[in-house]
Amino acid sequence: MKAQDNLILTIFGASGDLTRRKLIPAIYDLYQQGLMPERFAIVGTSRTAYSDDDFRDRVLEGVKEFSLRDTSDSKLLKQFREQLYYQPLDTKSPQAYANLQQRLTQIDEDQQIGGNGIFYLSTPPSLYETIARGLSMQDLHQSEVGWRRLIVEKPFGYDLDSAKDLNAKLLQFFSEDQIYRIDHYLGKETVQNLLVTRFSNGIFEPLWNRNYIHHVEVTAAESIGIGDRGGYYDTSGALRDMVQNHLLQVLAMTAMEPPIEIKAEAIRNETFKVFQALRPMTQEAINHDVIRGQYIESTVRGQQMDGYRQAKGVAEDSRTETFVALKCFIDNWRWGGVPFYIRTGKRLPTRVTEVVIHFKETPLRLFSSKLAPSQQNNQLVIRIQPNEGLLLKFGMKVPGMGFQVETVNMDFHYSELSDAYLPSAYERLLLDAIKGDATLFARGDVVEAGWAFVDPILKAWKNDPEIPLYGYPAGTWGPEESDGLIEGEDLTWRYPCRNLSDDGSYCEL
Ligand code: BG6
């Protein structure tokens, strides 16, 4: 394998939770596997006045708590610690960038890095432009001898206009091929496996279209509430937080045409085409095909759970949705007329993300079954998390007299691969950014196309107080009204359990 280029990774917003819980542990995990370049430095910046040692202590605690690899080798931890630096920085002060420039030059010289650098923006989005400008004023956005890249965390914009505006502003200082927009779902092993399942198997692709597929479900359920993120979440909501980015990307992986090659531009072009083909949400579609909800107080297994409005940072009369379910269509030759259902929510019964492909029924029902006709149809469940794997449901003869049919499961679980190590999404994405591979990052036009799809819904919710916001008790599957979305007699969502093979009301959550 080609060794990675040496580099300095500068993190803005380094006193935050993301740095401690995800970024530094992911970099350590890469380091522990020998995947970091021979020479590298990590420079944390934020307003907090840490010394190098304060920062090192803080993030190394995070490594011990959140790393997915072995952290017992104290010599290795010590070596890793020495690669970490901290530079206090007020993003609004021009002098701060001059100081940063000096510090980076010094570290580059000391460690003989050779000019390569990544700037990781993990600050509130309102600072992205300021930081990009500050970097460019010190000429840090480019290097005569090495390369420079910018990684931008989500949320990328607040609606279509602000996303366009942000793209335009960043492009004043960095070119599109220098900008890596994070969507951590793309970093998930099992999301990438969607492409492999589809395009490395001859048996699925011929069936992957309107002739054989009845409908597709994409569910991302979370059992947690919003914790201490009320301030952010109350201005966001489930549609912005999960659908516009993560779930549309999963939808695109499920629905895209085969790319001509597994390279950034080819895959992003196909993603873009799916987004372009999404049927625009009309007023009528918004009224009928989009359900929003907010969790309310309830008692779950004897434990009292607060409602969303009781959370810190949330307005007492908040109308922010913590649940959204919608039906949409991809108007192209492959998918014409096939409904896609997307559902996500906080404080649902369990944490599950999965795609369910529901195949059409057989042309004639020859055998009797105790199940409703719709439940006899084949389903392919692609489980993204937890209990990652694939499940195919199909009919089998019940042993004995007659021809009674029962639905059985054929399943594959990643955990069965004894040596399988599933890297964290951040591990994969950081390594790709270091290598300069943008395949799993969102391109500017793709992000805008995602916003263009959700924008009419956001506008309608904002402007029309008549559109209901349903309350649902914490710990349930969201508003009952979302069941009515699925077209077809006796069809409902799959109610998944923690274990991939189980579903229904009785299962381990
Ligand atoms: C984040 C959202 O992008 O994704 C969170 O802001 C959400 O609200 C999280 O909880 C879900 O990610 P994962 O990897 O836990 O499914």
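Residues numbered from 1 in each chain as written. Predicted model: local features only at pLDDT ≥ 70, side-chain atom pairs only at ≥ 80, totals over all residues. Heavy atoms only, no water.

## Points about the side chain of Asp289
1) Next: Relative to the assigned elements, Asp289 resides in helix H11 (residues 283–289).
2) Next: Here Asp289 sits buried without a salt bridge, and the closest side chain of opposite charge, Lys327, lies 4.1 Å off (N-O distance).
3) Next: If near-sequence neighbours (up to four positions away) are discounted, Asp289 is found in contact with Ala325, Leu326, Lys327 and Leu485. (Helix = DSSP H or I, 4+ residues; strand = E, 2+ residues; numbered from the N terminus. Buried < 20%, exposed > 50% of the residue type's maximum accessible area, 1.4 Å probe, protein only. Lys, Arg positive; Asp, Glu negative; His and termini not counted. Salt bridge = Lys/Arg side-chain N within 4 Å of Asp/Glu carboxyl O. Contact = heavy atoms within 4.5 Å.)

## Details of the layout of surface pockets
1) Next: A volume near 470 Å³ is recorded for the second largest pocket.
2) Next: In terms of lining residues, the second largest pocket is bounded by 19 residues, among which Tyr158, Arg240, Leu458, Trp461 and Lys462 are the most central.
3) Next: Of the residues assigned to the lining of the second largest pocket, the class counts are four nonpolar, four polar and eleven charged. (1 Å grid on protein atoms, 1.4 Å probe; cavity = no way out; pocket = protein on both sides within 12 Å on 5 of 7 lines; lining within 4 Å. Points joined across faces, edges and corners; volume = space filled by probe spheres on them. Nonpolar A, V, L, I, M, F, W, Y, C, P; charged D, E, K, R; others polar.)

## Remarks on helix H5 (residues 128–137)
1) Next: Burial analysis of H5 places seven of its ten residues in the buried class, the great majority of the element.
2) Next: Among all positions of H5, only Tyr128, Glu129, Ile131, Ala132, Gly134, Leu135 and Ser136 are buried.
3) Next: Next to the buried residues of H5 lie strand S1 (7–12), helix H4 (94–111), strand S4 (117–121), strand S5 (148–152) and helix H6 (160–171).
4) Next: Trailing H5 by a residue or two, Asp139 shows a phi angle of about 65°, which is positive.

## Brief notes about the environment of Thr105
1) Next: Turning to its location among the elements, Thr105 is positioned in helix H4.
2) Next: Residue classification places Thr105 among the partly exposed residues on the basis of a relative accessible area of 32%.
3) Next: For the pair Thr105 and Arg81, spaced 24 residues apart in sequence, the C-alpha to C-alpha distance is 20 Å.

## Let's talk about the site of the ligand
1) Next: The local shell around the ligand consists of Lys154, His184, Tyr185, Lys188, Glu222, Arg229, Asp241, Met242, His246, Lys346, Arg351 and Gln385.
2) Next: Between an oxygen atom of the ligand and a side-chain N or O atom of His184, the distance comes to 2.8 Å.
3) Next: One nitrogen or oxygen atom from the side chain of His246 is found 2.7 Å from an oxygen atom belonging to the ligand.
4) Next: Protein burial of the ligand: of its 390 Å² of free accessible surface, 83% is covered by the chains.
5) Next: Of all the elements, helix H9 (residues 238–255) adds the most residues to the shell around the ligand, at three residues.
6) Next: For the shell around the ligand, a count of residues per class yields two nonpolar, three polar and seven charged. (Near = heavy atom within 4 Å. Polar contact = N/O pair within 3.5 Å; in protein donor to acceptor, adjacent residues only side chain to side chain. Areas by Shrake-Rupley, 256 points an atom, 1.4 Å probe, with all protein chains shown as cover.)

## Considering empty space enclosed by the protein
The rolling of a water-molecule-sized probe over the atoms marks out the regions of remaining empty space.
1) Next: The full count for this structure, using the stated rule, is three cavities of 30 Å³ or more.
2) Next: Forming the boundary of the largest cavity are 19 residues, of which Asp183, Gln244, Asn245, Ala442 and Val447 lie nearest the centre.
3) Next: Among the elements of the structure, H9 and helix H14 (444–463) are those that each provide at least two residues to the lining of the largest cavity.
4) Next: A breakdown of the residues in the lining of the largest cavity according to their chemical character gives nine nonpolar, six polar and four charged.

## So, the side chain of Arg181
1) Next: Along the polypeptide, Arg181 turns up in strand S6 (residues 179–181).
2) Next: The class for Arg181 is buried, based on a relative accessible area of 2%.

## Some points on the packing of aromatic side chains
Two measures describe an aromatic ring pair: the distance that separates the ring centres and the angle between the ring planes.
1) Next: Summed over the entire model, instances satisfying the criterion amount to 18 aromatic pairs.
2) Next: Relative to Phe40, the ring of Tyr31 lies with its centre 5.6 Å away and its plane at 65°, an arrangement referred to as edge-to-face. Assigned by exposure class, Tyr31 and Phe40 land together as buried.
3) Next: Consider the rings of Tyr233 and Tyr308, whose centres lie 6.0 Å apart with planes at 70°: the pair is edge-to-face. Of this pair, Tyr233 sits in helix H8 (residues 230–233) while Tyr308 is found in the loop between strand S10 (303–305) and strand S11 (323–329), placing the two residues 75 residues apart along the sequence.
4) Next: Judged by its relative accessible area of 1%, Tyr233 falls in the buried class.
5) Next: Here the aromatic residues Tyr232, Tyr233, Tyr295, Tyr308, Phe323 and Tyr472 are joined through ring pairs into a cluster of three or more.
6) Next: For Arg181, the ring lying beneath its charged end belongs to Phe156, and the centroid distance is 5.1 Å. (Phe/Tyr/Trp six-rings, centres within 6.5 Å; stacked < 30°, edge-to-face > 60°. Lys NZ or Arg CZ within 6 Å of the ring centre and 35° of its normal.)

## Quick word on the pairing of strand S16 (residues 389–397)
1) Next: Sheet topology places strand S15 (residues 379–385) next to S16; five bridges connect them, and they run antiparallel. Across the sheet, Gln379 pairs through a bridge with Lys393, a residue of S16.
2) Next: Pairing geometry for S16 and strand S17 (residues 404–413), over nine bridges, is antiparallel. The partner of Lys393 across the bridge, within S17, is Asn409.
3) Next: Between the end of S16 and the start of S17, which pair antiparallel, lie six residues, with Gly400 showing a positive phi angle near 125°. (Pairing = 2+ DSSP bridges.)

## A look at the sheet that holds S16
1) Next: Strand order across the open sheet formed by ten strands is S14-S17-S16-S15-S13-S7-S12-S11-S8-S18, with mixed pairing between neighbours. This sheet does not close on itself; its edge strands, each paired only once, are strand S14 (368–369) and strand S18 (470–473).
2) Next: Relative to strand S12 (residues 339–345), strand S7 (residues 213–221) runs parallel, the two sharing six bridges. Of the residues in S12, the one forming a bridge with Val216 is Phe340.
3) Next: This element, H14, spans strand S8 (290–296) and S11 of the sheet and lies at about 130° to S11. (Axes fitted to C-alpha atoms, helices over the stretch in contact; angles between N-to-C directions.)

## With respect to the packing of H9 against H14
1) Next: At their nearest, the axes of H9 and H14 sit 10 Å apart, and the two run at 140° to each other. Note on packing geometry: the crossing formed by H9 with H14 is right-handed. Each of Leu239, Arg240, Val243, Gln244, Leu248 and Gln249 in H9 lies in contact with H14, whose residues at this interface are Val446, Val447, Gly450, Trp451, Phe453, Val454, Ile457, Leu458 and Trp461.
2) Next: A breakdown of the residues in the contact of H9 with H14 according to their chemical character gives eleven nonpolar, three polar and one charged. (Left-handed = near helix turned anticlockwise from the far one by under 90°.)

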